Amino acid sequence: TQLLEQSPQFLSIQEGENLTVYCNSSSVFSSLQWYRQEPGEGPVLLVTVVTGGEVKKLKRLTFQFGDARKDSSLHITAAQTGDTGLYLCAGAMGTYKYIFGTGTRLKVLA
Amino acid sequence: DAGITQSPRHKVTETGTPVTLRCHQTENHRYMYWYRQDPGHGLRLIHYSYGVKDTDKGEVSDGYSVSRSKTEDFLLTLESATSSQTSVYFCAISELGKDQPQHFGDGTRLSIL
């Protein structure tokens, strides 16, 4: 069974702090996606990274795909209360099937 | 927002009863998926479909069956519900092509007593 492990599982920080979430596997993925999920809703796609070593920025969020395409990280600069949510990574297994990570629940305190 | 409707949104039922969850899309996307979400496990794939009448098993398919008779509808059936199937179920759709994003419905909260 392929596993995608995320760390930390839970994170509670003050507004304005920086944080990094990690997504690790022993499997190689053709691409990796990051989603954010709010209570009572489905996950919403933030970004897709495809190339080993690729870095993508989305405002204060920076996503990196590992050189070997087995891991990824999400870095948030100057966190805001609106960043609160569950962050999920998902690795592509082939063209249309994904394995999801265990999730990181982030709470940003005002 | 992608046009995905899950029904019902909430259901409480008893062990041993059959349950069917429906996912309806208006996007004409080829791929449809059923996931369950449980604390500490993230999202786990139950079944997926790559076309009308074309379905395959995911990592946690035991106790579940699916059907897709039309592009827009994907049904998930629990033939005889068990308490271990209490979960939040999400339907997702995606378009044909590499690295296409998945668009999710808002989920069905199922409680089996």
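Rules used in this analysis
- Residues numbered from 1 in each chain as written.
- Chains lettered and ligands numbered in written order.
- Predicted model: local features only at pLDDT ≥ 70, side-chain atom pairs only at ≥ 80, totals over all residues.
- Heavy atoms only, no water.
- Contact = heavy atoms within 4.5 Å.
- Buried area = accessible area lost by both parts, 1.4 Å probe.
- Salt bridge = Lys/Arg side-chain N within 4 Å of Asp/Glu carboxyl O.
- Polar contact = N/O pair within 3.5 Å; in protein donor to acceptor, adjacent residues only side chain to side chain.
- Helix = DSSP H or I, 4+ residues; strand = E, 2+ residues; numbered from the N terminus.
- Buried < 20%, exposed > 50% of the residue type's maximum accessible area, 1.4 Å probe, protein only.
- Pairing = 2+ DSSP bridges.
- Axes fitted to C-alpha atoms, helices over the stretch in contact; angles between N-to-C directions.
- Core = buried A, V, L, I, M, F, W, Y, C linked by side-chain atoms within 4.5 Å.

(A) Here's a closer look at the interface of chain B and chain A. At the junction of the two partners, chain B supplies 24 residues and chain A supplies 24 residues. For the pair chain B and chain A, the summed buried surface comes to about 1,800 Å²; carbon and sulfur atoms form 54% of the total. If you sort the residues of chain B by the area they bury against chain A, L43, D99 and Q102 of chain B come out on top, with a joint share of 26%. Applying the counting criterion to the chain B and chain A interface returns zero salt bridges. In this assembly, chain B and chain A are joined by four residue pairs in polar contact (both at pLDDT 80 or more). Listed by contribution, the elements that provide at least two residues to the side of chain B that touches chain A are β4 (31–38) and β5 (42–51) of chain B. Looking at which element gives the most residues to the side of chain B that touches chain A, the answer is β5 of chain B, with five residues.

(B) Region of the structure containing the pattern of salt bridges. Here the structure, examined in full by the defined rule, presents six salt bridges over all chains. When the shortest N-O distance is used, the salt bridge between E54 of chain A and K56 of chain A registers 3.9 Å. Residue classification places E54 of chain A among the buried residues on the basis of a relative accessible area of 18%. You can call K56 of chain A partly exposed: its relative accessible area is 32%. Because the salt bridges share partners, they merge into one network encompassing R22, K70 and D73 of chain B.

(C) The arrangement of the sheet that holds strand β3 (residues 19–25) of chain B in detail. Residues and elements named next belong to chain B. In spatial order, the strands read β1-β3-β8-β7; together these four strands make up an open sheet with antiparallel pairing. Pairing within the sheet leaves two strands with one partner each, and these edge strands are β1 (4–7) and β7 (64–70). Sheet twist, expressed as the average angle between the axes of neighbouring strands with direction ignored, equals 15 degrees. Here β1 runs beside β3; their pairing, made up of four bridges, is antiparallel. Counterpart to I4 in the pairing with β3 is Q25.

(D) Quick look at the nonpolar core. Core analysis: the largest hydrophobic core is formed by 21 residues, its most contacted members being L19, L32, W34, F63, L74, I76 and L106 of chain A. At the level of secondary structure, the elements contributing two or more residues to this core comprise β3 (19–24), β4 (32–37), β5 (44–49), β7 (61–65), β8 (71–76), β9 (85–92) and β11 (104–109) of chain A. Beyond its immediate chain neighbours, meaning those up to four positions away, I76 of chain A contacts E17, N18, L19, R60, L61, D83, Y87 and L106 of chain A. V19, V60, L76 and I112 of chain B belong to the second-largest nonpolar core, a separate cluster that totals 19 residues.

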